[in-house]
Amino acid sequence: MKANFSIDLAANTVEFPHYWELCVGSCHAYTALRADYQRMLKKAHDELGFQYVRFHGLLDDDMSVYTVNMLTGQELYSFHNIDVIFDFLLSIGMKPFIELGFMPSALASGEQTCFLYKGNITPPKSYDKWSELLDALTRHLVDRYGIEEVRTWFFEVWNEPNLKFFWAGTQDEYMKLYEYSVRAIKQVDPLLKVGGPASSGNAWIPDFIEYCQKNEVAVDFISTHHYPTSDPLSTHHEVDIEAMMRLGEEERMQAFAALMDPYYERGVMAVMAQKAKQEAGDLPLYYTEWNSAAFPYKQDDPYAAAFIVKTLADNAGLVEGYSFWTFSDIFEESVQQSLPFHGGFGLLNIDGVPKPSYQAFRIMHELGTERIPTETCEVKTLELLATKKNGGLSMVLHNHNAPEADIAAVEVGIIFKGDLTGKQAIVRTVDEYHANPKAKWLEQGSPEYPSPQQLEQLFQAAEMLAVPVDLKQLPGGEWLLELNVEPHSVTAIDIQ
C-alpha cells in the first residue's frame, strides 16, 4: 500500500499549543511519598513537559488530614503529608491539580469505600464540617505557599460523582457538596480556581452549569473524563454504570466483563470532546482523565502510542487541558502489580521503563507550536502532523485504526514544496519492532522479576533510535522523503 503527503513550507501556520502537557494523572496521593514515584514523576516532567499532577485520595485516611480524638472528641487537622507532597512538586517545577476527595471516615456519613486503599465515597455527615475542613486547608496552603502561587493551582471537587462506584450520594448531594466547597475556598480568596463536575464519560456538564447559574455558585472551569471504550458514544454498547452498580456482585462482574469491549470508532475521542466543548460554552474545558481504555487493553503496546498521537492531534483547539491517566504503573487501585507489563495505565512501567506510550508523549513534546497544514492522504488510517521549530521542521506520522479494524503497512512519500538543499531527515520510530520493551520482555520469557541484566535490556529496548534518511530532489525544486510505516506506529521526523 502506498500513500503521499504534500507540505508547502511557505504556507501560513496555525497555533498549536501543547495543551496535553498541562497535567498528568497518578495513583492516590499517598503514593506520592514514595521515592520511586518521585523519581519517575521528575523524569516525566523533565522529558515530557507535564506541569501539574492530579491524583485521588488527598483527603483519605492514609493522609491523616482529618481525624477525631477518640477520648476528647476534638477534631484534628494534619496537613503535613500534603505539605511533603506539594513541596516536592514545587521543587521539580510542577504544581498540584487538586482533586478534593475522598471523604475522611471521621467526617463521612457512611462506610462505602472504593479501591484497595478504601477511599470513602459517602457524602459528609456535616456539610458545615466539610466546609470548615476546606477553609482550614485552603488557608494553610495560602500561608505556606503564598496567594500568588496558590492562585495558579486548580481545585476540582470530587471524582466521577455520576458513578455510584465513586459517589454514594445523589446528583443533588454532589451539587450541594460542590456549592459548600467552592464557597469555602472562595471566601479565602475569590481568585482561586474551582471547578467540576469531574464526571465520567462527559456527563452532567449541562446540569452542573445550570445549577451553578441558578444558585449563583462560582465555577471557573469544567472538568470531565473519557475513554473510547466506556462512553455511550462508542459504537457497540450503551453504558449505564449506575444501573450496573446496583446489581448483585456476580451479575455486576458479568456486566463489567461484557463492557470490556475494545471496539469503537476511530477518532471517537474528538467526537466526545466536541460535544463537551459545546456544552461547556465559554468556560475552560479540562479532561482530567483519559487513556486508550478504562481497563487493561494494549496500554503496553505500540497501539497505545498511535492512539495517543491520533487523539492529541484531533483534540487540538477543543480543550484547555488533557490529563493522561497515568504517568506510572505505581498504581494501587485494585492491587499493585509486580509484572513489568500487565496492561497498566502508566507511561512508565513499575521499574520506570518507558513504554511506547511514553515515547509518543516525548515525540509530541518535541514538536513546535506552529502547525503547518498538510494534505490528507488516500490511506485513511494514516495522518501527518507537521510543525515549524527552531527554523526547521518537526513532524509526526501516525498509522492508527480502531481495534480489529483494517490497517496495513504503508509506503509513504512526503513531498516538500520549498528549498531543502543540503538538509537531511532524522527519523525515530515506535512500532512492533522499535521502542517496544514489552516485545523484549516476552523474548526474555516474561519474568515477573527481571534481573538487573534483563532490566537493562528492557531500558535499551525502550529507546528510540535516531536514523538519518536522505531527501531526494524532484524536478521543479521539490523534495521527497520516503518511509515504510508499520500498522499502529508512530514516526517522528525532524529536518533542521
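Residues numbered from 1 in each chain as written. Predicted model: local features only at pLDDT ≥ 70, side-chain atom pairs only at ≥ 80, totals over all residues. Heavy atoms only, no water.

A. Region of the structure containing the overall build of the chain. Summing up its helical and strand segments, the chain has 13 helices and 23 strands in all. Its C-alpha atoms give the chain a radius of gyration of 24 Å, within 12% of the compact-globule value 23 Å for 496 residues. Across its three principal directions, the C-alpha atoms of the chain cover 85 × 50 × 45 Å. Classification of the 496 residues of the chain by burial places 56% in the buried group. Of the contacts made within the chain by residues no fewer than 6 positions apart, 75% connect residues no fewer than 24 positions apart. With an accessible surface of roughly 20200 Å², the chain has 49% of that area assigned to carbon and sulfur atoms. (Helix = DSSP H or I, 4+ residues; strand = E, 2+ residues; numbered from the N terminus. Rg over C-alpha atoms; globule rule 2.2 N^0.38 Å. Buried < 20%, exposed > 50% of the residue type's maximum accessible area, 1.4 Å probe, protein only. Contact = heavy atoms within 4.5 Å. Areas by Shrake-Rupley, 256 points an atom, 1.4 Å probe, with all protein chains shown as cover.)

B. Just the pattern of salt bridges, in detail. In the structure shown here, the tally under the stated rule is 31 salt bridges. For Arg144, the salt bridge identified is with Asp83, shortest N-O distance 3.6 Å. Of this pair, Arg144 sits in helix H3 (residues 127–145) while Asp83 sits in helix H2 (residues 80–91), placing them 61 residues apart in sequence. Here the residues in one salt-bridge network are Lys43, Glu47, Arg362, Glu366, Arg428 and Asp494, joined through shared partners. (Salt bridge = Lys/Arg side-chain N within 4 Å of Asp/Glu carboxyl O.)

C. Seen up close, the pairing of strand S18 (residues 410–417). Where strand S1 (residues 2–8) meets S18, seven bridges bridge the pair, whose relative direction is parallel. The residue bridging Asn4 from the neighbouring strand is Gly413, located in S18. (Pairing = 2+ DSSP bridges.)

D. How the structure looks around the sheet that holds strand S19 (residues 424–430). Strand order in the open sheet formed by seven strands is S2-S15-S16-S17-S23-S19-S20, with antiparallel pairing between adjacent strands. Sheet topology places strand S2 (14–15) and strand S20 (467–470) at the edges, where each strand pairs with a single neighbour. Direction of pairing for S2 relative to strand S15 (residues 370–372): antiparallel, over a ladder of two bridges. What sits directly across from Val14, in S15, is Arg371. In the packing of helix H10 (residues 302–314) onto the sheet, the strands contacted are S15, strand S16 (382–389), strand S17 (392–399), S19 and strand S23 (489–495), and the crossing angle to S17 comes to about 120 degrees. Helix-sheet contacts for helix H11 (residues 356–365) involve S16, S17, S19 and S23, and the interaxial angle to S19 is about 150 degrees. (Axes fitted to C-alpha atoms, helices over the stretch in contact; angles between N-to-C directions.)

E. Structural context of the packing of aromatic side chains. Counting across every chain of the model gives 38 aromatic pairs. Summarising the aromatic geometry, the rings of Tyr19 and Tyr322 are spaced 6.0 Å apart at their centres and angled 50 degrees between planes, so their arrangement reads as tilted. Of this pair, Tyr19 sits in the loop between S2 and strand S3 (23–26) while Tyr322 sits in strand S14 (residues 321–324), and the two are 303 residues apart along the sequence. On the basis of relative accessibility, which here comes to 0%, the residue Tyr322 falls in the buried class. The interplanar angle of 5 degrees and the centroid separation of 4.6 Å between the aromatic rings of Phe97 and Phe154 together place this pair among those described as stacked. A residue pair is termed long-range when its members are at least 10 positions apart, and Phe97 in strand S7 (residues 95–100) and Phe154 in strand S10 (residues 154–157) qualify at 57 residues. Pair check on accessibility: Phe97 and Phe154 agree, each one buried. (Phe/Tyr/Trp six-rings, centres within 6.5 Å; stacked < 30°, edge-to-face > 60°.)

F. Quick look at unusual backbone geometry. In this chain, Gly101 is followed by Phe102 through a cis amide linkage whose omega measures -10 degrees. Among the secondary structure elements, Phe102 is positioned in the loop between S7 and strand S8 (113–114). Here the residue pair Gly196 and Pro197 is connected by a cis peptide bond, since its omega of 5 degrees sits within 30 degrees of zero. One non-glycine residue, Trp204, lies in the positive phi region at around 70 degrees. With a phi angle near 70 degrees, Glu404 is a residue other than glycine that sits in the positive phi range.

G. Inspection of the sheet that holds strand S22 (residues 478–485) at higher detail. One open sheet accounts for four strands, arranged S1-S18-S22-S21; its pairing is mixed. Either end of the sheet is taken by a strand with one partner, and the two such strands are S1 and strand S21 (472–473). In terms of strand pairing, S18 meets S22 through eight bridges, oriented antiparallel. Bridge pairing in S22 places Val412 opposite Leu483.

H. Expanded view of the pairing of S7. Within S7, five of the six residues are buried, which leaves it mostly tucked inside the rest of the structure. Judged from the two bridges that link them, strand S4 (residues 52–55) and S7 form a sheet pairing that is parallel. Bridge pairing in S7 links Tyr52 to Lys95. Two strands pair when backbone bridges link them, and S7 and S10 are joined in this way by four bridges, in the parallel orientation. Across the sheet, the residue bridging to Leu100 is Val157, located in S10.

I. H2, seen in detail. Spanning twelve residues, H2 covers 16 Å between terminal C-alpha atoms, matching the ideal 16 Å at 1.5 Å per step. For H2, the complete set of buried residues consists of Asn81, Ile82, Asp83, Ile85, Phe86, Phe88 and Leu89. Once H2 ends, the next one or two residues include Gly93, with phi positive near 90 degrees. (Expected span 1.5 Å × (residues − 1).)

J. View of the nonpolar core. Membership of the largest hydrophobic core comes to 116 residues, with the highest contact counts inside it found for Leu41, Phe86, Leu141, Tyr174, Tyr178 and Phe361. Beyond its immediate sequence surroundings of up to four residues, Leu41 is in contact with Val24, Val53, Phe88, Leu89, Ile92, Met94 and Phe327. Listed in part, the 27 residues of the second largest apolar core include Val410, Val427, Val485 and Ile495. (Core = buried A, V, L, I, M, F, W, Y, C linked by side-chain atoms within 4.5 Å.)

K. Fine view of the confidence of the model for the chain. The pLDDT averaged across the chain works out to 93; a share of 93% of its residues lies at or above 70. Low confidence marks residues 233–238, where pLDDT is under 50. Its contacts with residues over four positions away, or in another chain, come to 18 contacts. (pLDDT = per-residue confidence, 0-100.)

L. Region of the structure containing the environment of Ala304. Structurally, the position occupied by Ala304 is in helix H10. When the C-alpha atoms of Ala304 and His488 are compared, they prove to be 8.1 Å apart, with 184 residues separating the residues in sequence. Residues contacting Ala304, with those up to four places away along its chain left out, are Ser292, Lys298, Gln299 and Ser357.

M. Focus on the state of the cysteines. Applying the stated rule across the entire model yields zero disulfides. Free of any disulfide, Cys23 has its nearest cysteine sulfur in Cys27, 15 Å distant. Relative accessible area serves as the criterion here: at 2%, Cys23 is assigned to the buried category. (Disulfide = S-S within 2.5 Å.)

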